[in-house]
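# Structural characterization, general
One letter stands for each residue in the lines below.
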Amino acid sequence: YGGMGLDFSYNIAVAEELGNIRCGGIPMAIGVQTGMATPALTRFGSDELKKQFLVPTIAGDFVACLGISEPGAGSDVANIKTTAVRKGDEYVINGGKMWITSGSQADWMCLLANTSEGPPHRNKSLICLPMNLPGIHVAKKIDKLGMRSSDTAQIFFEDVKVPSKNLIGEEGKGFTYQMLQFQEERLWGVATVLTPLETIIQETIDYTRQRKAFDQSVLHNQTVHFRLAELATEVELLRSLLHRAVALYVEGKDVTKFASMAKLKAGRLAREVTDSCLQFWGGMGFTSEVLVSRFYRDLRLMSIGGGTDETMLSIICKYMEILPSK
């Protein structure tokens, strides 16, 4: 279908390299294409669907978006309200999606919708939805704290008709497919923060070395250089956890626990590194002129998007058998 046929570890290598871009929005937009909107289509979609949607997306001719979150259902995916009712050889879609990355410019959406009234984990399906159909309304581009180079949209569906052949895999399996898709999304997200965190630490070292306070460089203070050494160690530990999870994933193992641990740690470490380093920049760190302030805003999303820290903790507890399975 136009890809190189390489295993997932190459996706992660690309994601780490994209971290050299000095903002979070562009790597995130690419990640939507490669690790969020297309894995389920790649695994479970028909040959016809792959030719129609996957081929142009891989080629870069189509922009894809992922339609999961709603105003009342962010991390709580099972609680989505958007419906796709089967009528003949079409689905009629009604509802809306919120916080949709690339939603203002997307050519198609990987949409999760309720296709029956059964149990919430078995009544959902994934559908390839062209975004130029009648009844699709992009309500607004959302103004955000960070990731400001990325367009994020609120979208409504009003009696949108899409061919039933646009169903990805089996009807009712959408929740399961999305949970699998989330693992690649979360691992990609972890990989994209590693290089920015290293960059911020190095730029903080360089700045505090030349910045003087009380007749000595700021870096000369033990509390500063010890803290930077500690943060650098944490980044390396996160990289090791990520690479372990990816190696197991390539082997076909279930990495839900490790992916959730890595996602949790990445979100918290991104906050810790950017906050600590911004403090060492002093007043300059509070301006928009330096990279640390941008990543302070951009990387804050890591603890929210793709499953909140609290959701990751719940998953980890489940795998540790701390909490009963639902």
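Looking at an unreviewed UniProt entry, one finds the protein named IVD dehydrogenase, with Pachyramphus minor as its source organism. The Cofactor (unreviewed entry) field of the UniProt record for the protein holds the comment "FAD". Recorded in UniProt under Pathway (unreviewed entry), the annotation for the protein is "Lipid metabolism; mitochondrial fatty acid beta-oxidation."

Segmenting the protein into domains produces domain 1 (8-171) and domain 2 (176-320). Distance from the C-alpha centre of domain 1 to the C-alpha centre of domain 2: 26 Å. On the domain 2 side, the residues contacting the 41 residues of domain 1 number 32 residues. With both chains or domains summed, domain 1 and domain 2 bury close to 3000 Å², and 64% of this area falls on carbon and sulfur atoms. Three residues stand out in domain 1 for area buried against domain 2, namely Phe-8, Glu-16 and Arg-22, and they jointly supply 23% of the buried area on that side. Here domain 1 and domain 2 share three salt bridges between them. Across the contact surface, domain 1 and domain 2 share 15 residue pairs in polar contact (both at pLDDT 80 or more). For the side of domain 1 that touches domain 2, the secondary-structure elements that each account for two or more residues are α1 (8-18), α2 (25-36) and α3 (39-44). The residue makeup of the side of domain 1 that touches domain 2, split by class, is 23 nonpolar, 13 polar and five charged.

Residues annotated by UniProt as "domain: Acyl-CoA oxidase/dehydrogenase middle" (unreviewed entry) correspond here to residues 65-160. Across residues 65-160 one finds 0% helix and 51% strand; the C-alpha atoms that close the span lie 17 Å apart.

Thresholds applied
Residues numbered from 1 in each chain as written. Predicted model: local features only at pLDDT ≥ 70, side-chain atom pairs only at ≥ 80, totals over all residues. Heavy atoms only, no water. UniProt positions renumbered as here; feature names shortened; annotations may be inferred. Domains from an automatic or database assignment. Contact = heavy atoms within 4.5 Å. Buried area = accessible area lost by both parts, 1.4 Å probe. Salt bridge = Lys/Arg side-chain N within 4 Å of Asp/Glu carboxyl O. Polar contact = N/O pair within 3.5 Å; in protein donor to acceptor, adjacent residues only side chain to side chain. Helix = DSSP H or I, 4+ residues; strand = E, 2+ residues; numbered from the N terminus. Nonpolar A, V, L, I, M, F, W, Y, C, P; charged D, E, K, R; others polar.

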